[in-house]
Amino acid sequence: MKNFFIILCACLASVSVAQQTDYVDFKKVEALIVFNQFQVDSTKYNSYDAKFDILRSTDSIYLDAINMKFIHVAIDGSEINFSNDGKKLKIYHSFEKGKTYNLSFLFFASPKKAMYFVGWENEGRNQIWTQGQGKYTSNWLPSLDDTNDKIEFDLKFVAPKTYQVISNGVLKSKSDNDGHVLWEYDMKHPMSSYLVAVVVGKYDKKTETSKSGIPLEYYYYPEDSLKVEPTYRYSKQMFDFLEEEIGVAYPWQNYKQVPVHDFLYAGMENTSLTIFSDAFVVDSIGFNDKNYVNVNAHELAHQWFGDLVTAKSGAHHWLQEGFATYYALLAEKDVFGENYFYFKLLESSIDLGKQDISGNGTSLLNPKSSSLTFYQRGAWVLHALRTKVGDRVFRQAVINYLEKYKFKNAETSDFIKEVERIYGRSLSSFVNLWIKQKDFPVDNAFDILKQQSTYINEFLMVDCQAKSSKCSEYLKYYVSDEAKAKIISQVPELVTPETFNNGLKVRQAISKYVRQIPVNLKEDYESLLDDKSYITIENALYNLWSSFPEDRSAYLFKTRDIVGFNDKNVRLLWIVLNLSTPFYKADNKQALFQELIGYTGEKYNADLRIKAFQYLKMIKSCNEDCMSNLENAKSHHNWRLVKFAKQLSEELEQKRN
Ligand SMILES: [Zn+2]
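This write-up is about the structure you can find in this document. Computed from a prediction, not measured in an experiment: that's the story for all the values here.

**So, the overall build of the chain**
- The helix and strand tally for the chain stands at 24 helices and 22 strands.
- With respect to the principal axes defined by its C-alpha atoms, the chain has extents near 85 × 65 × 50 Å.
- Within the chain, buried positions represent 56% of all 657 residues.
- For the chain, contacts bridging at least 24 residues in sequence account for 68% of all contacts bridging at least 6.
- If you sum the accessible surface of the chain, you get close to 27500 Å²; carbon and sulfur atoms cover 49% of it.
- Positive and negative side-chain charges in the chain, numbering 79 and 83 respectively, have mean positions lying 2 Å apart.

Now the structure itself:
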């Protein structure tokens, strides 16, 4: 999973769950789920068949099943005793060691989480989508919250005819019946229950084929056909790269990627089906600022690290997130070059160092670690390990690790043992330093970067805080864009008309740090409004508007048609500036204000709503409609919006009292 912000470790609960895996091994589940007008049909029971082996004789087994009803619970065709406490379905029978049984039943689910119904009551986007990690698939499908029993899930769905249904595995058949369509999906291999997923919605798709012959399916909303290329840019290149780099063939039948509305995270690596936030569906300008490339590579890498081999418990969560982060970075290196790769490593080592200073650092094996630790320290472990043992040993060990634990679970020592076996020496001091000890070894990380990258050496050397005598010259030298951006952030007064001759990133830094614009820079600064970056345009518009009041109409006129990202960043700023510019198109103000209020409504995405609420708070104009939308936002499925709405509500309440 790739989070926008902080994530809670999803695997924690798996440790404490009773070890049913010691006596039962679920092999296969076939289930049929019926959707009716965008809910799980409350008039029809869904069907369920499971096959399992008994490893040790027992008189009961269970499935996790939250808030469900069951009828006709049968073993090998005969109805048997069961109990249902709203959390678990328990089945009583004298199960004998070494035997295989078939369990079947009809069930009715009314999921409150893990399956989300978006927009089916209003004119927004009609979608159903799931999120299993951290939420439990057992909210909509009887399954196992323990990640350690891997099951082959073959799911069937019935849905209204106008919608696409996308699930794990390959679409085996699709048959039409009376306005509804039956979709049958088929998996070849087992997976942990948290990786089961389905999306229902209106989509078109574009398909490519990897070098190795795997179908790559890119889903998109029908109106977004022009955004397909920038959104999915480099997908096939990264897929081919990762197969080659990892050295183990992609383990599943196909690879599908589907954007959904108001997703809980940036992306989720369900087996053969990555679901990601439609905030990453971008046009070619949006690509420059906020593209899907990193999340794309990260979720893809999880198909091996997490989906094929799954961590045994939360203590080994980095085997998923650290590997996905590191291999995503390798794929990005293939696309964006070495400097990009080292710069990202530098940034993460600085963040990890700061985390230790603030007292929040933890050992990588602490299941309560921050996402920074699991993701970035995990990635650093792999980079440092590769540096220590060399490419050949590292790559062979990863191959052996994946082969040995495929379709199974592993822990940290399993991986380290595979490396030691080929390296021929103990790695215990490495493990102590990089994995076990509480502090991230930031000095060692810096040493590695300095040894490996002249670009990083230059970046560290170019510094206006340290060497002020040379400082004024840096922006004139040939140094990297990142180094120039750093100088601009430290001493924005050094910017001259010549500085504008640099590329997108340096110009973006100017828009960010030169806020009071000197008259001699006015003309060059105005050219930022034409940049291919919605961040630069948003910054520049605001700074120009406030620095040169006499030209406000001209700036508003020039940017009147720019919308920006999915959260309409430029449009919202434009409306607010317009409302604060009395002489510009005075007769249009009321309509613009209504437009701004409208964006707080439930048919818009969470990011846009949050931004609109923030602006309304800023201009002290959250009226009745806005307040009612704020109240309604508190019960949204997206926790970021809920948290924001509660906080803002409180603030507004306090002001009133
Ligand atoms: Zn992840």
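Picking up after the structure, the text goes on.
**Section: the packing of helix H8 (residues 371–389) against helix H11 (residues 428–436)**
- Orientation of H8 relative to H11, taken along the N-to-C sense of each, is 155°, at an axis distance of 10 Å. Overall, the two elements H8 and H11 adopt an arrangement that is roughly antiparallel. The handedness of the crossing between H8 and H11 is right-handed. Where H8 approaches H11, its residues Arg377, Trp380, Val381, Ala384, Leu385 and Lys388 are matched on the opposing element by Phe430, Leu433, Trp434 and Ile435.
- Classifying every residue of the contact of H8 with H11 by side-chain character gives eight nonpolar, no polar and two charged.

**Comments concerning the sheet that holds strand S8 (residues 100–109)**
- Within the open sheet, the eight strands sit side by side as S5-S4-S8-S2-S1-S11-S14-S13. Their pairing is mixed. Unpaired on one side and paired on the other, strand S5 (78–79) and strand S13 (170–177) mark the two borders of the sheet.
- In this structure, strand S11 (residues 152–160) lies alongside strand S14 (residues 180–186), joined through five bridges in antiparallel fashion. Bridge pairing links Val158 to Leu182 in S14.

**Remarks on the pattern of salt bridges**
- Following the criterion strictly, the structure yields 28 salt bridges and no others.
- The shortest N-O distance in the salt bridge between Asp53 and Lys27 comes to 3.8 Å. Placement of Asp53 in strand S2 (residues 46–54) and of Lys27 in strand S1 (residues 24–34) is noted, with a sequence separation of 26 residues between them.
- The partly exposed category is assigned to Lys27, whose relative accessible area is 36%.
- Lys486 is the salt-bridge partner of Asp463, the closest N and O atoms lying 3.9 Å from each other. You can see Asp463 sitting in the loop between helix H13 (454–461) and helix H14 (468–474) and its partner Lys486 sitting in helix H15 (residues 481–490), a full 23 residues away along the chain.
- According to the relative accessible area criterion, Asp463 is buried, its value standing at 14%.

Criteria and cut-off values
Residues numbered from 1 in each chain as written. Predicted model: local features only at pLDDT ≥ 70, side-chain atom pairs only at ≥ 80, totals over all residues. Heavy atoms only, no water. Helix = DSSP H or I, 4+ residues; strand = E, 2+ residues; numbered from the N terminus. Buried < 20%, exposed > 50% of the residue type's maximum accessible area, 1.4 Å probe, protein only. Contact = heavy atoms within 4.5 Å. Areas by Shrake-Rupley, 256 points an atom, 1.4 Å probe, with all protein chains shown as cover. Lys, Arg positive; Asp, Glu negative; His and termini not counted. Charge placed at Lys NZ, Arg CZ, Asp CG, Glu CD. Axes fitted to C-alpha atoms, helices over the stretch in contact; angles between N-to-C directions. Parallel < 35°, antiparallel > 145°, perpendicular 65-115°, else oblique. Left-handed = near helix turned anticlockwise from the far one by under 90°. Nonpolar A, V, L, I, M, F, W, Y, C, P; charged D, E, K, R; others polar. Pairing = 2+ DSSP bridges. Salt bridge = Lys/Arg side-chain N within 4 Å of Asp/Glu carboxyl O.

Taken by themselves, the reported measurements are silent on function.
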